[in-house]
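Commentary on secondary and tertiary structure
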Amino acid sequence: DTALVWFRRDLRSFDHAALHHALATSRRVFCVFVFDQAIIDKLPRADRRIEFIRDSVAELDASLRQLGGGLLVLHGDARTAIPALAEELQADAVFVNRDYEPAAIARDDDVAQKLAEDGRILHRLKDQVVFEKDEVLTQSGTPFSVFTPYRNAWMKKLQTDINGLQPYDIDSFAAHFADPAQNRHAHMPTLAGLGFSATNLKELQLSTGMSGAQRLFEDFAERLPQYDRTRDFPAVKGPSYLSVHLRFGTVSIRGLVRYAIEAMRTGQGGSGAATWLNELIWRDFYFMILARHPHVVDRSFKPEYDAVVWEEGAHADRLFDAWCNGRTGYPLVDAAMAQINQTGYMHNRLRMVTASFLVKDLGIDWRRGERYFAEKLNDYDLSANNGGWQWAASTGCDAQPYFRIFNPVTQSEKFDPDGKFIRRYLSQLARLSNKHIHAPWKLAATELEDAGIVLGRDYPQPIVSHEEARVRTLQRYGVVKKTY
Ligand code: FAD
């Protein structure tokens with residue numbers, strides 16, 4: 001009659017499937033979070049995500065305490081720590097929300113087996129997505145690999161399953177929370193105690209926890225009607241910035257979808273709500289792709305693209321380094337890389353531009369860029385990141401065709417027309433005109449001097465010619481041409 005709820009990427013105390021089911025079926029419910037050494041030992045010692053998680057876990061603990069419970073916090077290897085804690089608490093069952101990443105599935109299988117050896121059960125529940133990999137299928141029962149028909153089928157399924165969006169009740173079962181006050185694990189580790197140092201998270205005013213997500217959401221709700229018109233312009237506060245909260249579950253996906261649907265129904269969401277809902281469906285889509293096709297983790301979704309040969313060696317390493325550090329000489333690309341390096345966020349349009357630039361202008365393997373984003377992004381999520389990279393590299397499902405190659409200058413002129421975003425991150429270019437800020441090398445040296453710039457000294461010369469790179473890329477992808 002005792003249950004343990006193991007929190008992972010679902011750091012909230014409301015509308016939570018695992019917590020609800022544990023409370024509804026057990027009389028004594030303990031809650032635990034593990035700072036899993038198998039994951040965190042690999043991270044750099046200053047990592048915004050660890051700080052985000054620590055603060056969010058502290059808020060979760062406070063919120064559970066208010067409900068009469070509290071959080072046990074472990075620092076160790078989850079594979080052994082969870083079964084050991086279940087034993088210590090004499091829990092009959094452990095409840096988790098299902099994870100879709102291959103490594104997490106393997107870990108959960110392992111924990112389930114260890115628990116089973118002692119007669120305990122691991123219950124895995126759907127919580128992170130609206131629909132899982134088997135719930136939205138083609139008429140012949142196969143998974144979709146193209147987004148638009150998937151989206152249509154997803155919407156249709158939602159109409160018949162709208163109750164699935166109802167929030168999971170927690171409060172009515174609050175009497176079932178076990179108070180962990182006497183337990184030796186009932187204390188919150190400090191960042192230093194976990195072996196990490198502080199980042200610039202506070203300086204960035206990146207709001208953590210359920211309360212932070214709520215603030216961002218309220219702010220975004222005002223802008224939602226314009227989302228479709230503003231979302232592509234990185235200098236504009238267009239998107240929701242909720243990705244890090246969706247990543248760590250400080251917000252409920254069901255709550256967001258409910259809101260979007262309701263805003264569409266009442267018309268309050270203007271033309272923005274449907275576009276935003278589409279993005280939330282992309283999120284489900286890529287979770288489904290990862291769950292169905294785990295080979296995408298290190299190979300192309302479309303196997304024939306594994307034949308593409310990427311640039312390697314010292315020259316490629318130098319190009320990659322320039323890209324990572326925002327020294328390509330293409331201002332929009334460099335400003336975008338400065339954004340991810342300084343804040344851990346990058347605007348969606350810029351993720352597409354920088355990914356395309358790495359793969360199609362520099363000829364570098366998408367997996368190297370994917371890994372770099374994985375290290376830097378606060379909202380890093382294997383499914384969406386891999387999906388985004390494979391989209392940009394044309395190796396993915398429903399990807400950009402390989403012969404469609406973003407022109408980094410045209411993208412800049414179109415989506416940052418006044419150079420406002422570029423100026424925010426590349427102050428040395430601030431005095432260039434709106435017209436010339438996108439491609440400074442096109443100006444004569446005297447004109448550059450008037451703006452106080454010497455190329456090669458204050459700002460790099462372009463490291464590649466886009467026109468030449470374009471030709472090389474078409475050749476590179478020639479090996480897969482026959483598929484079109
Ligand atoms: P909003 O525009 O407000 O969108 C709302 C939510 O919808 C997002 O928070 C996100 O959960 C979801 N979403 C939006 N676009 C996508 C998409 N294309 N695919 C899947 N979900 C989406 N998103 C991540 O969450 N983590 C990643 O690691 C990630 N890596 C990416 C890498 C590349 C190369 C590309 C092109 C895109 C990547 N995205 C990733 C998708 C997208 O860029 C971000 O979700 C978005 O920029 C987050 O900002 P937001 O919350 O303000 O988005």
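Residues numbered from 1 in each chain as written. Predicted model: local features only at pLDDT ≥ 70, side-chain atom pairs only at ≥ 80, totals over all residues.

**Quick notes on the environment of Thr 148**
As a reminder, the rule being used: Under the scheme used here, helices are H or I runs from DSSP no shorter than 4 residues and strands are E runs no shorter than 2 residues, and both carry numbers assigned from the N terminus.
The topology assignment puts Thr 148 in helix α6 (residues 147-160). When the C-alpha positions of Thr 148 and Asn 278 are compared, they lie 9.5 Å apart, and in sequence the two are 130 residues distant.

**Here we look at the pairing of strand β4 (residues 93-97)**
Selection criterion: Each residue is classed by its C-beta neighbour count within 10 Å, where at least 20 other C-beta atoms makes it buried, 12 or fewer makes it exposed, and intermediate counts make it partly exposed; the C-beta atoms are placed from backbone geometry. Pairing between two strands requires that DSSP report at least two bridges joining them. For a crossover, the right-handed case is the one in which the path from the first strand over the helix to the second runs clockwise, viewed with the strands pointing away from the viewer.
Most of β4 is tucked away: 4 of the 5 residues are buried. Note that strand β1 (residues 2-7) and β4 share 3 bridges and pair parallel. Its bridge partner being in β4, Leu 4 is matched across the sheet by Val 94. As defined by bridge partners, β4 adjoins strand β5 (residues 121-125) across 5 bridges and the pair is classed as parallel. Bridging from a neighbouring strand, Phe 95 pairs with His 123 of β5. Remark: the β4/helix α5 (residues 102-117)/β5 crossover connection has right-handed handedness.

**Focus: the site of the ligand**
Our working rule: Placing a C-beta atom from the backbone of each residue, we mark the residue near a molecule or strand if the atom is within 6 Å of it. When residues are grouped by polarity, Ala, Val, Leu, Ile, Met, Phe, Trp, Tyr, Cys and Pro land in nonpolar, Asp, Glu, Lys and Arg in charged, and all others, Gly among them, in polar. Throughout, the edges of the domains are those of an automatic or database domain assignment.
The local shell around the ligand holds 28 residues, among which Pro 239, Ser 240, Ser 243, Asn 385 and Gly 388 are the closest. At the level of secondary structure, the elements contributing two or more residues to the shell around the ligand comprise α9 (243-248), α11 (272-292), α14 (348-361) and α16 (382-392). Looking at the shell around the ligand, the element that brings in the most residues is α16, giving 6 residues. Of the residues in the shell around the ligand, the class split is 15 nonpolar, 6 polar and 7 charged. Counting the residues that make up the shell around the ligand, at least three belong to each of domain 2 (129-165 + 209-292) and domain 3 (303-479).

**Quick word on the UniProt feature "site: Electron transfer via tryptophanyl radical" (unreviewed entry) in the protein chain**
Filter applied, for reference: UniProt positions are given in the numbering used here, feature names are shortened, and annotations may be inferred rather than shown by experiment. For every residue pair, C-beta atoms are placed from the backbone, and the pair is scored as a contact if these atoms sit within 7 Å.
UniProt's entry tags Trp 310, Trp 366 and Trp 389 with the feature "site: Electron transfer via tryptophanyl radical" (unreviewed entry), counted in the numbering of this structure. Considering the arrangement of structural elements, one finds Trp 310 in the loop between α11 and α12 (314-324). If near-sequence neighbours (up to four positions away) are discounted, Trp 310 is found in contact with Gly 363, Ile 364 and Asp 365. With sequence-adjacent residues up to four places away left out, Trp 389 is seen in contact with Ala 355, Trp 366, Gly 369 and Glu 370.

**Digging into the domain arrangement of the protein chain**
Many analyses report the size of an interface as the accessible area lost when the parts associate. You can read the domains of the protein chain as domain 1 (2-126), domain 2 (129-165 + 209-292) and domain 3 (303-479). At the junction of the two partners, domain 2 supplies 16 residues and domain 3 supplies 18 residues. Broken down by element, the side of domain 2 that touches domain 3 gets its largest block of residues, 5 residues, from α11. The residue makeup of the side of domain 2 that touches domain 3, split by class, is 11 nonpolar, 2 polar and 3 charged.

**Thoughts on α14**
Threshold: By definition here, a helix of n residues has an expected span of 1.5 Å times n minus one.
Under the 1.5 Å per step criterion, the end-to-end length of α14 is 19 Å for 14 residues, consistent within 8% with the ideal 20 Å. Residue Gly 363 follows α14 closely and has a positive phi angle near 70 degrees.

**What to know about the packing of helix α3 (residues 48-66) against helix α7 (residues 209-223)**
The line we're drawing: All axes here are fitted lines through C-alpha atoms, helices being fitted over the stretch that makes contact, and every angle between N-to-C directions spans 0 to 180 degrees. Throughout this description, any angle smaller than 35 degrees is read as roughly parallel, any larger than 145 degrees as roughly antiparallel, any in the 65 to 115 degree range as roughly perpendicular, and the remainder as oblique.
At a minimum axis distance of 7 Å, the contact between α3 and α7 shows a crossing angle of 105 degrees. Here α7 runs roughly perpendicular to α3, going by the angle between their axes. Contacts from Asp 55, Ser 56, Glu 59 and Ser 63 of α3 reach α7 at Gly 209, Met 210 and Ser 211. In terms of residue class, the contact of α3 with α7 is built from 1 nonpolar, 4 polar and 2 charged.

**With respect to the nonpolar core**
A general trend in soluble globular proteins is that nonpolar side chains are found buried together. Cut-off, in case you're wondering: For our purposes the nonpolar core covers buried Ala, Val, Leu, Ile, Met, Phe, Trp, Tyr and Cys residues that link as a set through C-beta atoms within 7 Å.
In terms of nonpolar packing, the biggest core is built from 71 residues, with Leu 290, Ala 336, Ala 392 and Ile 422 touching the most fellow members. Element by element, the count of residues in this core is highest for α11, at 11 residues. Two domains each donate at least three residues to this core, and these are domain 2 (129-165 + 209-292) and domain 3 (303-479). Other than its neighbours up to four places away in sequence, Ala 392 contacts Met 352, Ala 355, Ser 356, Val 359, Trp 366 and Gln 400.

**Section: the sheet that holds β4**
What the 5 strands build is an open sheet, ordered β3-β2-β1-β4-β5; its pairing is parallel. Edge positions in the open sheet fall to β3 (71-76) and β5, since each of these has one partner strand only. Along the sheet, successive strands turn relative to each other by an average axial angle of 30 degrees, direction set aside. Across the sheet, helix α1 (residues 17-25) is in contact with β1, β2 (28-36), β4 and β5; its angle to β4 comes to roughly 155 degrees.

**Some thoughts on α7**
Helical geometry note: an α-helix holds 3.6 residues per turn, so side chains three or four residues apart project in the same direction. For clarity, the threshold we go by: Within this analysis, the arc is defined by the directions that extend from the helix axis to the C-beta atoms.
Between its first and last C-alpha atoms α7 spans 22 Å; for 15 residues at 1.5 Å apiece the expected length is 21 Å, and the two agree. Along α7, the positions that sit buried rather than exposed are Gly 209, Met 210, Gly 212, Ala 213 and Phe 220. Seen along its axis, α7 keeps its buried residues to an arc of 155 degrees; they face one direction. Away from the buried face of α7 by more than 90 degrees, exposed residues Arg 215, Glu 218 and Glu 222 are located.

**A closer look at the environment of Gln 461**
Examined against the element boundaries, Gln 461 turns out to sit in the loop between α19 (445-450) and α20 (466-476). Linking Gln 461 and Gly 329, residues 132 residues apart in sequence, is a C-alpha distance of 5.1 Å. Non-local contacts of Gln 461, meaning those with residues more than four positions away in its chain, are made with Gly 329, Trp 441, Leu 455 and Gly 456.

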